[in-house]
Amino acid sequence: MPTFELYSKDPEEPVWQVPATGAARFNWEYDDGRDRLLALYQKGKDKQWDGQKRIDWELEVDPYDPLGTPDEAMSLYGTRHWAKLTERDKGELRRHYASWQFSQFLHGEQGAMICAARIVESVPDLDAKFYSATQTMDEARHAEIYGRFLHEKIGLLYPINDNLQALLGDTLRDSRWDMPYLGMQVLIEGLALAAFGMIRDTTDKPLPKQILAYVMQDEARHVAFGRMALRDYYKQLTDAELREREEFVIEGCYLMRDRLRGVEVLENFGIPKAEAEACSEQSEFLALFRKLLFSRIVPCVKDIGLWGKRLQQAYVDMGVLEMGDSDLDLLMSEDEEIAEKLDAERFAVEERERVAEVRGAIEAGQRIDG
Ligand SMILES: [Fe+2]
Ligand SMILES: [Fe+2]
């Protein structure tokens, strides 16, 4: 079914055009790659998978509770509006929230694909171009999977959030080649990864769990790529150039924290914008969620060498400074292990079912013989 028939609100323009600036760069040195980056490129090629096959699309999803979201996690919980909701309304609200969230994931994945392609075009080093080409393919697969989930299992999509769109636009309009890395790989992907992880680790629904675990297995490589490339490059920049990047990060972090809250959903339910904002501000669960959203960004910016006073102060203000000490390598190897473990468990179940089937067939055969 055309997506335009499933949007909660008409996105108006069917195509969004962002005028590109900056150079496309060719590199004639083909034998000069950094070992770690080339190893990551090899891994990117080895670990390709097909969402049509690896994900069990037969699994049913209740569109009115796609993620098994507890009441306390809803921003209206505990407000005067909550008491007025019927069970049916609550189901509808859950459907809209899941749709809003996964729609942002979907649009973000398309953005990631376009930024990765942009990096292929503009980054000067060939090893980074090679790697980013595999990432472009990863992101295409992710967008395909989230799109299928929304179309087939939820039947409702939301347009891109205005502020996410603004950040994507700023990232793409900038002519400096490191900005798609910083805006996309570090900020948007960092936020997305944290959000994916929170849902992956809390949902009791098998289909979204599979999707998130497998997507995160790829995202672990993407973050590693951004870190490697930017760590090398930022060592060569002047203080003034680094401060410019830090300002971009500070602004982007505030914007995403304060403006990416699903207020659109509540507005859709007839709650005025200011009140909808107040509801999500007061929700204890959402306050924790917002804080945890930074668990991947803060250690990453510290690692790439953006750790000036103003940035640290902003993180103190957001209450997330101490997250700078978390171990990104450990988080990422866990992301890979979780996906592999899930595969192993699913494989073991399938194997048991197959053995039981064979045994049943043998027994049936013996009964006929006897
Ligand atoms: Fe992705
Ligand atoms: Fe990614």
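The protein is annotated in an unreviewed UniProt entry as Ribonucleoside-diphosphate reductase subunit beta from Streptomyces viridochromogenes.

**As for the coordination of the iron ion (ligand 2)**
Coordination of the iron ion (ligand 2) by the protein is provided by Glu-139 (OE), Glu-189 (OE), Glu-219 (OE) and His-222 (ND1), with metal-donor distances spanning 1.9 to 2.1 Å. For the iron ion (ligand 2), the 4 donor atoms in the first shell make angles of 77 to 159 degrees at the metal, a pattern classed as irregular. A gap of 3.2 Å separates the iron ion (ligand 2) and the iron ion (ligand 1), which Glu-139 links by coordinating each metal. One end of the pair, Glu-139, is in helix α5 (residues 126-154); the other, Glu-219, is in helix α8 (residues 206-234), with 80 residues separating them in the sequence. For the pair formed by Glu-139 and Glu-219, the shared burial category is buried.

**Re the packing of aromatic side chains**
Tallied over the full model, the rule gives 18 aromatic pairs. Taking the centre distance of 5.4 Å and the plane angle of 85 degrees together, the rings of Phe-4 and Tyr-7 count as edge-to-face. By relative accessible area, Phe-4 is classed as partly exposed at 41%. Put simply, the rings of Tyr-131, Trp-177, Tyr-181, Phe-225, Tyr-233 and Tyr-234 touch in pairs and so form one group of aromatic residues. Above the face of the Trp-49 ring, Arg-54 is positioned so that its terminal group lies 5.1 Å from the ring centre. Positioned above the aromatic ring of Tyr-214, the side-chain terminus of Arg-54 is 3.7 Å from the ring centre.

**Here's the deal with the coordination of the iron ion (ligand 1)**
For the iron ion (ligand 1), every protein donor is listed as Glu-109 (OE), Glu-139 (OE), His-142 (ND1) and Glu-219 (OE), and the spread of their distances is 1.9 to 2.3 Å. For the iron ion (ligand 1), the 4 donor atoms in the first shell make angles of 87 to 137 degrees at the metal, so the coordination geometry reads as irregular. Mapped onto the sequence, the donors of the iron ion (ligand 1) take the spacing E-x29-E-x2-H-x76-E.

**Things to note about helix α4 (residues 87-122)**
The end-to-end C-alpha distance of α4 is 52 Å, a good match for the 52 Å that 36 residues give at a rise of 1.5 Å each. Judged by how many residues are buried, α4 sits mostly within the fold: 26 of 36 residues are covered.

**Comments concerning helix α7 (residues 179-202)**
Compared with an ideal rise of 1.5 Å per residue, which puts 24 residues at 34 Å, α7 spans 33 Å between its outermost C-alpha atoms and is within 8% of the ideal. In α7, a bend of some 35 degrees at Glu-189 exceeds every other bend along the element. Where burial is concerned, most of α7 is hidden: 21 out of the 24 residues are buried.

**Focus on the packing of α7 against helix α9 (residues 239-259)**
Running from N to C, α7 and α9 cross one another at 30 degrees; their axes reach a closest spacing of 11 Å. Considered as vectors, α7 and α9 are oriented roughly parallel to each other. Crossing of α7 against α9: the hand is right-handed. Seen from α7, the contacting residues are Met-179, Leu-182, Gly-183, Leu-187 and Leu-191; seen from α9, they are Arg-245, Phe-248, Val-249, Gly-252, Cys-253 and Met-256. The class makeup of the residues in the contact of α7 with α9 is 8 nonpolar, 2 polar and 1 charged.

Thresholds applied
- Residues numbered from 1 in each chain as written.
- Chains lettered and ligands numbered in written order.
- Predicted model: local features only at pLDDT ≥ 70, side-chain atom pairs only at ≥ 80, totals over all residues.
- Heavy atoms only, no water.
- Donors = N, O, S within 2.8 Å, 3.2 Å for Na, K, Ca; no water.
- Tetrahedral: all angles 85-135°; square planar, octahedral: opposite > 155°, others 65-115°.
- Helix = DSSP H or I, 4+ residues; strand = E, 2+ residues; numbered from the N terminus.
- Buried < 20%, exposed > 50% of the residue type's maximum accessible area, 1.4 Å probe, protein only.
- Phe/Tyr/Trp six-rings, centres within 6.5 Å; stacked < 30°, edge-to-face > 60°.
- Lys NZ or Arg CZ within 6 Å of the ring centre and 35° of its normal.
- Expected span 1.5 Å × (residues − 1).
- Bend = angle between axes of the 7 residues up to and from the residue.
- Axes fitted to C-alpha atoms, helices over the stretch in contact; angles between N-to-C directions.
- Parallel < 35°, antiparallel > 145°, perpendicular 65-115°, else oblique.
- Left-handed = near helix turned anticlockwise from the far one by under 90°.
- Contact = heavy atoms within 4.5 Å.
- Nonpolar A, V, L, I, M, F, W, Y, C, P; charged D, E, K, R; others polar.

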